[in-house]
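Residue-level structure breakdown
Below, each chain spelled out in residue letters.
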Amino acid sequence: MNDRELGCAGGQFMDRGRMNQNGVVQPLLTDLYQITMAYAYWKSDKTDDTAVFDLFFRNNPFHGEFTIFAGLEECLKFLDSFHYSQSDIEYLKQTLPEGIEHEFFEYLGNLTARDVTLYAIDEGTVAFPRVPIIKIEGPLIIVQLLETTLLTLVNYASLMATNAARYRMVAGKHVKLLEFGLRRAQGPDGGLSASKYSYTGGFDGTSNVLAGKLFNIPVKGTHAHAYITSFSSIGELKTRLIKHKQTGIMEDLLEHAIKHRGLLSHLLDVSTEESSEGELAAMVSYAIAFPDGFMALVDTYDVKRSGLLNFSAVALALNDLGYHALGIRIDSGDLAYLSCLARETFEKVAERFKVPWFNKLTIVASNDINEDTILSLNEQGHKIDCFGIGTHLVTCQRQPALGCVYKLVEINGQPRIKLSQDVEKVTMPGNKNAYRLYSADGHALIDLLQKVSEPPPAVGQKVLCRHPFQESKRAYVIPSHVESLYKVYWKAGKICQQLPTLEQVREKVQISLKTLRNDHKRTLNPTPYKVAVSDNLYNFIHDLWLQNAPIGELS
Ligand SMILES: Nc1ncnc2c1ncn2[C@@H]1O[C@H](COP(=O)(O)OP(=O)(O)OP(=O)(O)O)[C@@H](O)[C@H]1O
Ligand SMILES: O=P(O)(O)OC[C@H]1O[C@H](OP(=O)(O)OP(=O)(O)O)[C@H](O)[C@@H]1O
Ligand SMILES: O=C(O)c1cccnc1
Ligand SMILES: [Mg+2]
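Residues numbered from 1 in each chain as written. Chains lettered and ligands numbered in written order. Predicted model: local features only at pLDDT ≥ 70, side-chain atom pairs only at ≥ 80, totals over all residues. Heavy atoms only, no water.

**Some remarks on the overall build of the chain**
Summing up its helical and strand segments, the chain has 20 helices and 23 strands in all. Principal-axis analysis of the C-alpha atoms gives the chain an extent of 90 × 60 × 55 Å. When contacts within the chain are restricted to residue pairs at least 6 apart in sequence, those whose partners lie at least 24 apart make up 75%. Carbon and sulfur atoms make up 51% of the accessible area of the chain, which amounts to about 25,100 Å² in all. (Helix = DSSP H or I, 4+ residues; strand = E, 2+ residues; numbered from the N terminus. Contact = heavy atoms within 4.5 Å. Areas by Shrake-Rupley, 256 points an atom, 1.4 Å probe, with all protein chains shown as cover.)

**A short note on the pattern of salt bridges**
Pairing of side chains with opposite charge becomes possible as their charged atoms draw close. Evaluated as defined, the whole model comprises 23 salt bridges. Here Glu101 makes a salt bridge to Lys43, at a shortest N to O gap of 2.6 Å. Residue Glu101 is found in the loop between helix H5 (86–95) and helix H6 (102–110), and its partner Lys43 is found in helix H3 (residues 32–43); the two are separated by 58 residues along the sequence. Residue Glu101 is classed as partly exposed on the basis of its relative accessible area, which comes to 29%. Asp49 is the partner of Lys46 in a salt bridge, and the nearest nitrogen-oxygen pair spans 3.2 Å. The class of Asp49 is buried, set by a relative accessible area of 13%. Beyond isolated ion pairs, a larger network of salt bridges with shared partners links Glu73, Glu74, Lys77 and Lys196. (Salt bridge = Lys/Arg side-chain N within 4 Å of Asp/Glu carboxyl O. Buried < 20%, exposed > 50% of the residue type's maximum accessible area, 1.4 Å probe, protein only.)

**Topic: the site of ligand 3**
In the vicinity of ligand 3, the residues found are Phe180, Arg183, Ser207, Gly221, Thr222 and Arg329. Within the side chain of Thr222, a nitrogen or oxygen atom sits 2.4 Å from an oxygen atom of ligand 3. Between ligand 3 and Arg329 there is a distance of 3.2 Å, counted from an oxygen atom to a side-chain nitrogen or oxygen. Burial of ligand 3 by the protein chains amounts to 81% of its free accessible area of 260 Å². Across the shell around ligand 3, the residue classes break down as one nonpolar, three polar and two charged. (Near = heavy atom within 4 Å. Polar contact = N/O pair within 3.5 Å; in protein donor to acceptor, adjacent residues only side chain to side chain. Nonpolar A, V, L, I, M, F, W, Y, C, P; charged D, E, K, R; others polar.)

**Comments concerning the UniProt feature "domain: Nicotinate phosphoribosyltransferase C-terminal" (unreviewed entry) in the chain**
Per the UniProt annotation, the sites labelled "domain: Nicotinate phosphoribosyltransferase C-terminal" (unreviewed entry) are residues 431–540. Taken end to end, residues 431–540 has its terminal C-alpha atoms 12 Å apart, with 21% of it in helix and 35% in strand. (UniProt positions renumbered as here; feature names shortened; annotations may be inferred.)

**With respect to the sheet that holds strand S15 (residues 414–415)**
If you walk across this open sheet you meet the seven strands as S15-S14-S1-S5-S3-S21-S22, and the pairing is antiparallel. Only two strands of the sheet have a single partner each, and these edge strands are S15 and strand S22 (494–495). As defined by bridge partners, strand S21 (residues 487–491) adjoins S22 across two bridges and the pair is classed as antiparallel. Residue pairing in the sheet places Trp490 in a bridge with Ile495 of S22. (Pairing = 2+ DSSP bridges.)

**Details of unusual backbone geometry**
You will see that Arg130, though not glycine, has its phi angle at about 75°, which is positive. Take Arg130: it is sitting in the loop between strand S4 (126–127) and strand S5 (134–139). Even without being a glycine, Asp269 presents a positive backbone phi close to 60°. Position of Asp269 among the secondary structure elements: in the loop between helix H12 (253–268) and helix H13 (277–289).

**Re the sheet that holds strand S6 (residues 176–179)**
Spatially, S7-S6-S13-S12-S11-S10 is the arrangement adopted by the six strands of the open sheet, whose pairing is parallel. Each of the sheet's edge strands pairs with one partner strand only, and the pair in question is strand S7 (205–206) and strand S10 (295–297). For S6 and strand S13 (residues 386–389), the ladder comprises four bridges, and the chain directions are parallel. Bridge pairing in S13 links Leu177 to Phe387.

**A few points about the UniProt feature "domain: Nicotinate phosphoribosyltransferase N-terminal" (unreviewed entry) in the chain**
In the UniProt entry, the feature "domain: Nicotinate phosphoribosyltransferase N-terminal" (unreviewed entry) is given for residues 28–155. Helix and strand shares over residues 28–155 are 44% and 16% respectively, and the end C-alpha atoms of the span are 18 Å apart.

If you want it as structure tokens, here you go:
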């Protein structure tokens, strides 16, 4: 294959700005056993051996039937910079068992990923169990050394993107989703990945400022209860003045708010005595700080008896001075009921005070939201425009890990199989290609694995698709469209494809999900998507299985 066929024509596509790699991702971010194996391979003269490894998962997460593949760009950056520094080598000299030959460290010091070729499915694509999302070929020692780091880069990224995509599906496309999870994430790096890959999966933004800067994701937020509780009376307000947006004249915002609060108390049937004066003071001061972006937390004391009254009073006061408030956040209580109550309140105020934009104020809800909460809120009817989601999103509470594995399938051109009592865990040997076959209506029908030596399935031609392990399960498929799933992403020390931006990967997720039938995507008992092998590969696997399975003896 020449460079053009590989997509390498323009040389290395990645610009330096994008190379900005997470400093934690380096060759020593691995399990010790990769390096001890490297020494043993080296000692047994396997430096010229070449291998093929498949990176794949066995089960979809969250009781679902699809997974979003993410993390590829980080894998490529890792390959690009793969090199043991002098201090890495010094550390390994002290850490590895005594007696390691000096030449091995010289060998390690010269290792790069130059001779490695990496094939992958596009980042952001839906992927399925047993279909390798990455296939990697090259010198045995180096491709073995990559295992743990590639897995850590793909597992959480894909889990997170899948989780986020599921939240997006249940919330629908019109509701905004914000990721608020940094404080609850699995440490700083977990928090950054969560923000990045929740955006990939379909979130609209994050509260994580560093993620915003590093990944160019929209950063958004409201304020905490502490801001409200930091005021206990209006006497604490050091400034009440704000410039009228149009006239520029300084006016007393509190005075306007108190006037409106009196009128509102009749309209909303809430006594001003019941409402919190500290909350009013806090909202006034926040509005002075952000007159064009006023968004207030209304549940500190009582949404109905205090929060909505004070918010509406301050928002009307801002309106007197030419500004439009943005909305509210509710962080406790019955979110369906309270969001409806808030919307009703805004509608009443809009009508009574002739402020039509009040109808459109944004209602943000947060507080331990998960997929089930959103589904339940949908059933009940709610008026929430935006969910702020932290803990359950970033910790992937329903399934905290994706089980991607990295398995040797070929060495020096010879297939390798890993047997297991558990049929699911038997590996699919040999160097394979993967195809997605589509129906005439554009839906993905089945993923098909074949030996690389087989010709690709052809449009309009009947293909026998077999279950990899159950002999009787097979079907003929006549594809209307055939997609070859792998592209060469890394070869001869270069990134071989124009890498998409995060925004493009995010779009890809939605496009790819659209190709899946709804019954594969529903939350309850989704239909499994079929993954098959060609007849040729089926026979190859089973012959090898028989060759490798010892025959027991009964006595
Ligand atoms: N209408 C609703 N239907 C289903 N779940 C809801 C609804 N409203 C809120 N929830 C969820 O119910 C849980 C309520 O949490 P919790 O019992 O801690 O109450 P709380 O309102 O936060 O109380 P507190 O005032 O003590 O903070 C949250 O997970 C929230 O997302
Ligand atoms: O609920 P999550 O999905 O994790 O979303 C993030 C939460 O973080 C904040 O809570 P905070 O840290 O103030 O603690 P809280 O639980 O007492 O509200 C915010 O008020 C949300 O409730
Ligand atoms: O901006 C917010 O409202 C926010 C941010 C982080 C956690 N909880 C809420
Ligand atoms: Mg909370």
